[in-house]
Amino acid sequence: MSLVATASQTVGPYFHIGLSWADNAAIAGPEVAGQRVTIAGRILDGDGQPINDALIEVWQADSQGHYPEAGDGFRGFGRIPSGDDGGFRFSTIKPGRVAGPGGTLQAPHLLLSIGMRGLLKRVTTRMYFPDEPANAEDPILARVEPARRRTLIARASPSEPALLIWNVIMQGETETVFFDL
Amino acid sequence: MIDITIPQIPPQQTLALYPPHGETLWGLLHSRTAVGPERPFLMFGETCRSWGAFRDLALGMATILAERGIGPADRVAVMAANSDLFVAVFFALGRLGAILVPVNPEFSAAEAGAILDHAEVAAVLCTLETEAVARLAAGEHPWIARLEELSEPSSFPSPAAIGQPDDTCLIMYTSGTTGFPKGVMHRQASFVMAGEGFVERMRLQADDRLLCVLPLFHINALFYSLGGAVAAGASLVLAARFSASGFWPLAARWRATQVNIIAAIGTILARRPRREFVPGHGLVKVYGAPVTPEIAAIFTTDFAIPHIIEGYGMTEIPGVCNQPFDGPHQPGSMGRAARHPDPSRRFAELRVVDEDGRDLPDGATGELLARTPIVMQGYYRDPEQTAAAFRDGWFATGDLVRRDGDGFYFFVARKKDIIRRRGENISGAELDRVIGSHPGVAEAAAIAVPSDLGEDEILVAVVARPGVPLHPRDIRDWCAAHLSPPKRPRFLVLVAELPHTPTHRVAKFRLKQEPGLLGEAIDLDTLPAEDKPAPGLLGGRSMTDPTPYRRLVPGTQPDYLHRPYASTVKRAPSRALVLAPHTLSELSGPVFGPDEVGSGESDLTAGHAGAPLGERLIIAGRVVDETGRPVRNTLIEVWQANAAGRYRHKNDGHDAPLDPNFTGCGRMLTDDEGGYRFQTIRPGAYPWRNHPNAWRPAHIHFSLFGPSFLTRLVTQMYFPGDPLLPLDPIFNCTADPAARDRLISVFDIGLTQPDHALGFRFDIVLRGREATPMEDRP
């Protein structure tokens, strides 16, 4: 049997009505083991204007590199709407390394799915961590042309040690790398 | 609904309605006009001409042509799109015993000039659009005039009707799939007989209206549509040219009953948005040369046309076989040898022969030879090619066919379109069809190119469907799935367009002459690493890696940039997405349990002091994956506007009232069968600022997770029959009309609760995994 997947449609500007019950900017509570990080950034359009109606969803492994399953205390899922200034902020733990294709290991990363008014289907991207030696051998980063890899790697905040800055640029010269999955 | 029980007068009786015609053009026109000069004959633009008015027009044109010295055997080129004047001048020339030389109005001066020179034309008749090119092409000698100049009054005496049955009436230069066009000569009697043959073929009736969207410079339009209409004393609805969006409105406007199509037109109409379709059009008969069974099925079911008749002919031998109108039908066949309405008349005879001209038994593939009274007189000024076209009086078609035990013929390939590879004879046409059926491909043409091994390699030139990203690997994988190894093309060239003959066939001979084609080609056997699945991924995965998901079918999902939806312009990614494998990260996903989803949350009408305003609805359906397996226990979230079209959201500025008893959000988990169900009220349509007077059709937003990050889906459900759907840029963002239509829920009386609420069904398909090696086994 072979069916065709249902077409995507935009999440629209009013998704908060149906989705905000599961807003979760604290992906890992205090009971979850791991190195605490906060990630903050802004999401901007092709003119550099802030996008105040984006829905950002995060999926990540635990600190041991295991993806949570039903019943685990840690769900590994975050849902964060962008604010009026296009800003978003969430806290979590740094995930461990996960198996990659063909026996490789991936560098620690978050998977992100972003929808908004004006996006007829979501974009998917990844966020990697700064100063992480494993980035050099990550099989997915390796598929990205070197000049664009930095759009996927967060920066450490100069003022706050546990804060990482990572912006999402939807369009243009400095456009964030999005993946065809 | 269309009444398919049209009265059927047998073809022989239809022809017997009219006085004898003497097998000439003018005789035929005179015969059909005599019975009722006031009856409608030719509809073009906003004008409908009666038989009498048309005859007078043609006579007037003959008068001016005669005044200009045009007489028997003079060649007169007509370089024009279809028009009533074009049709009339054909009969005017026939009256004079002169010869029509139609020239494609889109030809360049060089292309047209080659034909005008070869035919040594006495005059070139053109239109405002073609006049400049015609003047360049014609040089100094011939008389050049616009067709409308021939419809002016003249004081010159009307010339006598002197055209004879054996006088040449047409030199039609075949677009040729071989090289330089050849001028196919036909007699006046050929036109008359071809028209009568078409009466038999399509059971034409005097009150039929034949819609002609094909060009009159091709034999199909001239000999079948025009010839058939005149022979039956029926009407002709003439389009200047084929327009996909205008096809159904034109058919409906004039209540056309019959139309001739070619494969390309069938495919285009089948793929067009159904909103362009006009239900209740009057078409009941389609002649296709050819139509695939798939296209025929769409015409029968979607377009409700009961008679789809396939046939076959060439410019040299028009209409030599066809599916019998009253059956039996053999899908995919060219039909049986054509017959004349008068069964005592000798008509088309067919043979299938081997290389040495020996007759082959049923089932064997060989070249089709044809003998028919409508055969061409020869190629103009080309005795060598004429001689080469015949074998002992039989015309050699150059087409490989086979015949079954019931006398049905099946097209196998053009002889010249056979590619020899690894000892196999491979039909280029088959590859065109298979590769062309990839949803991301608009058109494909396979040709042989020389290989290092001395045999042919296959190169396929592909035109992607607009707005659909197409990777070389998509073609490679499609071929691997649908073609045996020797048939899989080695080389791929992505082109903006393919060269065409004027009848919309791919001009492969021109493709083969394209310099540098092979240089631009991508070698699919050694795709660059970026495009080739890494070891352990996708196609070449190892047993230890998890099974990836299928790639989404191109065209069935929206593109990011969709200009009619203005917000996409600054938000759509502008750089190419990076193709990534499916790792554990993508193949896993968050899980939501029953404790997080209260049972009352599937009733959007509950939870407030009173009931919300609006029409109560039950919405239910199943969530399955692409392999048809139910997606169990997965979270569905829904949200919507209230009955007045207002969202309970701080940014919604629409001045429709809020409903204190309606929030507009709900959620639920699917059951073990993937089923879900919730109660709500019908949302209202609402205005938005996308464009002037923009309104969103009523819709409910759906958000689903499925088992992994890859299956996450946000979509919208629409309601059947909503008049705003054709106008909505969001609904219409997906290229594939079938994919769009699947977003429209279906009214379900079984789901409808008596005295309570209407039921609508909306099934959802999430992405599914590739077949695992286990599942490949029988």
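Bear in mind the structure is a predicted one, so any value in this text is a computation, not a measurement. (Residues numbered from 1 in each chain as written. Chains lettered and ligands numbered in written order. Predicted model: local features only at pLDDT ≥ 70, side-chain atom pairs only at ≥ 80, totals over all residues. Heavy atoms only, no water.)

Quick notes on the overall build of chain A
Helix and strand content of chain A: 2 helices and 10 strands. Along its sequence from the N terminus, chain A presents helices and strands in the succession α-β-β-β-β-β-β-α-β-β-β-β. Across its three principal directions, the C-alpha atoms of chain A cover 40 × 40 × 35 Å. Looking at the 181 residues of chain A, the share that counts as buried comes to 59%. As displayed, chain A has an accessible area near 6,900 Å², and 50% of this comes from carbon and sulfur atoms. Averaging the positions of the 16 positive and the 20 negative side-chain charges in chain A gives two centres separated by 2 Å. (Helix = DSSP H or I, 4+ residues; strand = E, 2+ residues; numbered from the N terminus. Buried < 20%, exposed > 50% of the residue type's maximum accessible area, 1.4 Å probe, protein only. Areas by Shrake-Rupley, 256 points an atom, 1.4 Å probe, with all protein chains shown as cover. Lys, Arg positive; Asp, Glu negative; His and termini not counted. Charge placed at Lys NZ, Arg CZ, Asp CG, Glu CD.)

Thoughts on the sheet that holds strand β30 (residues 635-640) of chain B
Residue and element names in this part refer to chain B. Here we have 4 strands laid out as an open sheet, ordered β31-β30-β35-β36, and antiparallel in their pairing. Strands at the two margins of the open sheet, each flanked by one partner only, are β31 (665-669) and β36 (713-718). When the angles between neighbouring strand axes are averaged without regard to direction, this sheet yields 20 degrees. In the sheet, strand β35 (residues 699-704) pairs with β36 via 6 bridges, with the strands oriented antiparallel. Note that in β36 the partner of L704 across the bridge is L713. (Pairing = 2+ DSSP bridges. Axes fitted to C-alpha atoms, helices over the stretch in contact; angles between N-to-C directions.)

Here's the deal with the packing of aromatic side chains
All names here are of chain B. For the coordinates displayed, the defined rule picks out 33 aromatic pairs over all chains. Note on F299 and F303: the rings are 5.0 Å apart at their centroids and 90 degrees apart in plane angle, and the pair reads as edge-to-face. Of the residues examined, F303 reaches a relative accessible area of 1% and is grouped as buried. Between F592 and F705, the aromatic rings sit 4.8 Å apart at their centres with planes inclined by 50 degrees, giving tilted as the arrangement. One end of the pair, F592, is in the loop between α17 (584-587) and β29 (616-625); the other, F705, is in the loop between β35 and β36, and 113 residues separate them in sequence. For the pair shown, F592 and F705 are each scored as buried. Among the aromatic residues, ring-to-ring pairing joins F41, W51, F54, F90, F91, F191 and F223 into one connected group. In this structure, R402 is placed above the aromatic ring of F410, and the distance from its NZ or CZ to the ring centre is 4.6 Å. The cationic tip of R712 hangs over the ring face of F705; the distance from NZ or CZ to the ring centre is 4.1 Å. (Phe/Tyr/Trp six-rings, centres within 6.5 Å; stacked < 30°, edge-to-face > 60°. Lys NZ or Arg CZ within 6 Å of the ring centre and 35° of its normal.)

Comments concerning the pairing of strand β8 (residues 183-187) of chain B
Residues and elements named next belong to chain B. Burial of β8 is extensive: 5 of the 5 residues sit out of reach of the surface. Covered by surrounding structure in β8 are G183, M185 and R187 together with V184 and H186, the residues of both alternating faces. In terms of strand pairing, strand β7 (residues 168-173) meets β8 through 5 bridges, oriented antiparallel. Opposite I171, over in β8, you have M185 as the bridge partner. Where β8 and strand β18 (residues 378-379) come together, 2 bridges link them in antiparallel fashion. Bridge pairing in β18 links M185 to G378.

Quick look at the domain arrangement of chain B
Taken domain by domain, chain B comprises domain 1 (41-163), domain 2 (422-526) and domain 3 (594-766). Using only C-alpha atoms to locate each centre, domain 2 of chain B and domain 3 of chain B end up separated by 43 Å. (Domains from an automatic or database assignment.)

Side note on unusual backbone geometry
Residue and element names in this part refer to chain B. The linkage connecting G327 with the following residue, P328, adopts the cis geometry, with an omega of -5 degrees. Positionally, P328 belongs in the loop between β14 (321-322) and β15 (336-337). The phi torsion at E23 lies on the positive side, around 60 degrees, for a residue other than glycine. Within the element layout of this structure, E23 appears in the loop between α1 (11-16) and α2 (25-35).

Section: the sheet that holds strand β25 (residues 456-464) of chain B
Residue and element names in this part refer to chain B. Pairing within the open sheet is mixed, and its 4 strands lie in the order β24-β25-β26-β27. Both edges of this open sheet fall to β24 (441-450) and β27 (522-523), since each of them pairs with a single strand only. Strand direction decides the pairing type here: β25 and strand β26 (residues 491-494), joined by 4 bridges, are parallel. Within the sheet, the bridge partner assigned to V460 lies in β26 and is L492. Each of β24 and β25 is contacted by helix α13 (residues 428-436), which is oriented at about 145 degrees to β24, the strand it contacts most. (Contact = heavy atoms within 4.5 Å.)

Structural notes on the nonpolar core
Counting residues in each nonpolar core, the largest one holds 120 residues, and the members touching the most others are B:L65, B:F91, B:L125, B:F191 and B:L226. Residues A:A54, A:I56, A:I114 and A:W166 belong to the second largest nonpolar core, which totals 31 residues. (Core = buried A, V, L, I, M, F, W, Y, C linked by side-chain atoms within 4.5 Å.)

Details of the interface of chain A and chain B
The interface of chain A with chain B comprises 66 residues on the first partner and 85 residues on the second. Of the roughly 6,700 Å² buried between chain A and chain B, counting both surfaces, carbon and sulfur atoms make up 56%. Across the chain A-chain B interface, the total number found is 9 salt bridges. Joining chain A to chain B, the criterion identifies 45 residue pairs in polar contact (both at pLDDT 80 or more). Breaking the side of chain A that touches chain B down by element, the ones donating at least two residues are α1 (16-19), β2 (54-59), β3 (77-81), β5 (109-116), β6 (123-128) and β10 (179-180) of chain A. Among the elements that take part in the side of chain A that touches chain B, β5(A) stands out by supplying 5 residues, more than any other. The class makeup of the residues in the side of chain A that touches chain B is 33 nonpolar, 17 polar and 16 charged. Pairing analysis gives 2 bridges linking β10(A) to strand β28 (residues 578-579) of chain B, with the strands arranged parallel. Residue A:F179 lies in a different strand from β28(B), and its bridge partner there is B:V578. (Buried area = accessible area lost by both parts, 1.4 Å probe. Salt bridge = Lys/Arg side-chain N within 4 Å of Asp/Glu carboxyl O. Polar contact = N/O pair within 3.5 Å; in protein donor to acceptor, adjacent residues only side chain to side chain. Nonpolar A, V, L, I, M, F, W, Y, C, P; charged D, E, K, R; others polar.)

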